[in-house]
Amino acid sequence: MGECGLDYFRLSEDEDEKKANIKLQKEVFVSQINLAKKYKKPLIIHIRDASNDSKILMIENNVKEVGGVLHCYNADEQLLSLSDHGFYFGIGGVLTFKNAKKLVNVLSKIPQEKLLIETDGPYLTPHPYRGSRNEPKYTNEIATKMAEFLNLSKEEVADLTTTNAKRLFNF
Ligand SMILES: [Zn+2]
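For the structure given in this document, a descriptive report is provided here. Every value quoted in this text rests on a predicted model; they were computed, and no experiment measured them. (Residues numbered from 1 in each chain as written. Predicted model: local features only at pLDDT ≥ 70, side-chain atom pairs only at ≥ 80, totals over all residues. Heavy atoms only, no water.)

Glancing now at the environment of N151. Of note, N151 is situated in the loop between α4 (139-150) and α5 (154-169). The class for N151 is exposed, based on a relative accessible area of 72%. Put simply, N151 and S108 are 43 residues apart on the chain and 9.9 Å apart in space, counted from C-alpha to C-alpha. (Helix = DSSP H or I, 4+ residues; strand = E, 2+ residues; numbered from the N terminus. Buried < 20%, exposed > 50% of the residue type's maximum accessible area, 1.4 Å probe, protein only.)

Listed below in structure tokens is the structure:
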């Protein structure tokens, strides 16, 4: 069920508009969480500049019932504890970027049984293909980097993340 979540990246400068938009985003997010619970589907969650509010809403609304994935995980450490609420961490092309320090540093703190690889295509194309349209085949570059940073073989990363995806999506 998703993508859903909170995105405060492009909020209005106008305080009233800003408040109204945040209120609306929260209402929609909660109704989407409820829908996921009704149909027993995992949540695909998008969080941008809204870690604290997202986490509070998720826990208050018992997302643990269905779990899901923090898609394009924003490397915010305060979200790591969502792994105890059935959440997985989607790692995308950013991991291959030169300025990915924050994500690289937090990577080893993510429980390995909660790691996923994702495309976010057509965006966030991994290095060295940056600038061209992102394709699922480029997840190979993310797996290579993940193996390097976690001291695993690429095969281990492939097995691990595939097993994790199957567990989450129940196939
Ligand atoms: Zn997104």
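Our next topic: unusual backbone geometry. Put simply, G2 and E3 share a cis peptide bond, and its omega is -5 degrees. For the bond from H127 to P128, the omega torsion is 5 degrees, close enough to zero to count as cis. Here P128 lies in the loop between β5 (115-117) and α4. Although it is not a glycine, N62 adopts a positive phi angle of roughly 55 degrees. According to the relative accessible area criterion, N62 is partly exposed, its value standing at 38%.

Moving on to the sheet that holds strand β4 (residues 87-91). An order of β1-β2-β3-β4-β5 is seen for the 5 strands of this open sheet, with the pairing classed as parallel. Every other strand in the sheet has two partners, leaving β1 (2-7) and β5 as the edge strands with one partner each. The sheet shows a mean angle of 30 degrees between the axes of neighbouring strands, taken without regard to direction. Pairing analysis gives 3 bridges linking β4 to β5, with the strands arranged parallel. Within the sheet, the bridge partner assigned to I91 lies in β5 and is I117. In this fold α5 packs onto β2 (43-48), β3 (68-70), β4 and β5, with an angle of close to 100 degrees to the strand it touches most, β5. (Pairing = 2+ DSSP bridges. Axes fitted to C-alpha atoms, helices over the stretch in contact; angles between N-to-C directions. Contact = heavy atoms within 4.5 Å.)

Any functional reading would require information beyond the geometric quantities listed.
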